[in-house]
Amino acid sequence: DSRGDTECALRAYGEVLALARAGVPNRRPGVAFILNAMGNIVRDRDDYAGARGHYEEALGIWRQCGNDDGIICCLCNLGTLACLRGDPVQALHTIRQSLHLAWKGRNTRHVASSLAVLAAARQAQGESAAAARLIGQSQAQYRSLGMDPVPYDGRFLSTTMAAIRSALG
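Residues numbered from 1 in each chain as written. Predicted model: local features only at pLDDT ≥ 70, side-chain atom pairs only at ≥ 80, totals over all residues. Heavy atoms only, no water.

1. What about the overall build of the protein chain?
In terms of regular secondary structure, the protein chain is built from 8 helices and 0 strands. Helices and strands in the protein chain line up, N terminus first, as α-α-α-α-α-α-α-α. Relative to the compact-globule value of 15 Å for 169 residues, the protein chain shows a C-alpha radius of gyration of 16 Å, a close match. If one aligns the C-alpha atoms of the protein chain with their principal axes, the spans along those axes are about 55 × 40 × 30 Å. In the protein chain, which comprises 169 residues, the share counted as buried stands at 43%. Long-range contacts, defined as pairs at least 24 residues apart, comprise 56% of the intrachain contacts of the protein chain with a sequence gap of at least 6. When the accessible surface of the protein chain is split by element, carbon and sulfur atoms take 54% of a total near 8,800 Å². Separation of charge centres in the protein chain, based on 19 positive and 15 negative side chains, amounts to 7 Å. (Helix = DSSP H or I, 4+ residues; strand = E, 2+ residues; numbered from the N terminus. Rg over C-alpha atoms; globule rule 2.2 N^0.38 Å. Buried < 20%, exposed > 50% of the residue type's maximum accessible area, 1.4 Å probe, protein only. Contact = heavy atoms within 4.5 Å. Areas by Shrake-Rupley, 256 points an atom, 1.4 Å probe, with all protein chains shown as cover. Lys, Arg positive; Asp, Glu negative; His and termini not counted. Charge placed at Lys NZ, Arg CZ, Asp CG, Glu CD.)

What follows is the structure, encoded as C-alpha cells:
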C-alpha cells in the first residue's frame, strides 16, 4: 500500500538527510531539498505540524544559500499548508511572496503553482469567482509549459477545483 511506500521513503530520506547534514557546508542545498521532499510526504499524510517544520527549516537554508527557486518552492508549500490548515489569511500572505518572487524571476512553473494556491486561498475566503479565474490562469500556464502540476499537489488541486465548482454551480 502507499502508506508503506511513504514509510520507506521517509526512512530513506532520513538516512540521506543524516549523511547530508554531516557533510561539508556545500551540501546545504541537498539538505534543503530533502527537507522539502519530506515535508511533501508528511503533508500528504495530514501531518501538518511535521510538514511545517520541514518546510520552514528548508526555507531558512534556501534563504541562507540565496536560492530563489528553493525559496519560492518552500513559500508555495507553506501557502498550501496554510490553506489545508484552514488559515487563508496566512496562505495569502505567504503565497503572494512566492508569486512575487516567481514572477520577478520569470519562473513560469512556480508562477503556475503559486496561482493555484492563491486560488485555493481566495476560495477559502468565499471569493469563488476570483478563485475560478486564478485556477484557470494556473491551468493555462501549465498547459503553455506542456506540463501538469506536480503529483503531490493533485489531491489539493482537485479539492480546490471541486470547491470552486460547487460554489459557482
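2. Points about unusual backbone geometry
Negative phi values dominate among residues other than glycine, just as trans dominates among peptide bonds. We note that Asp46 has phi near 65 degrees; this positive angle belongs to a residue other than glycine. The topology assignment puts Asp46 in the loop between helix H2 (28-44) and helix H3 (48-65). Given a relative accessible area of 44%, Asp46 falls into the partly exposed group. At Arg106, a residue that is not glycine, the phi angle is positive and equals roughly 55 degrees. Structurally, the position occupied by Arg106 is in the loop between helix H5 (88-104) and helix H6 (108-124).

3. Digging into the side chain of Ser138
Relative to the assigned elements, Ser138 resides in helix H7 (residues 128-145). Contact partners of Ser138, with chain neighbours within four places excluded, come to Ala112, Leu115 and Ala116.

4. A short note on the packing of H6 against helix H8 (residues 154-168)
Their axes nearest at 10 Å, the elements H6 and H8 cross at an angle of 45 degrees. On the basis of their axis angle, the class for H6 and H8 is oblique. Note that H6 runs across H8; the crossing there is left-handed. Where H6 approaches H8, its residues Ala116, Val117, Ala119, Ala120 and Gln123 are matched on the opposing element by Phe156, Leu157, Thr160, Ala163, Ile164 and Ala167. Classifying every residue of the contact of H6 with H8 gives 9 nonpolar, 2 polar and no charged. (Axes fitted to C-alpha atoms, helices over the stretch in contact; angles between N-to-C directions. Parallel < 35°, antiparallel > 145°, perpendicular 65-115°, else oblique. Left-handed = near helix turned anticlockwise from the far one by under 90°. Nonpolar A, V, L, I, M, F, W, Y, C, P; charged D, E, K, R; others polar.)

5. Examining helix H4 (residues 68-84)
Its 17 residues place the ends of H4 24 Å apart at the C-alpha level, agreeing with the 24 Å of an ideal helix rising 1.5 Å per residue. For H4, the N-terminal capping position is held by Asn67, with its side-chain oxygen 3.1 Å away from the main-chain nitrogen of Asp69. Among the residues trailing H4, Gly86 stands out with phi positive, at a value near 80 degrees. (Expected span 1.5 Å × (residues − 1). Polar contact = N/O pair within 3.5 Å; in protein donor to acceptor, adjacent residues only side chain to side chain.)

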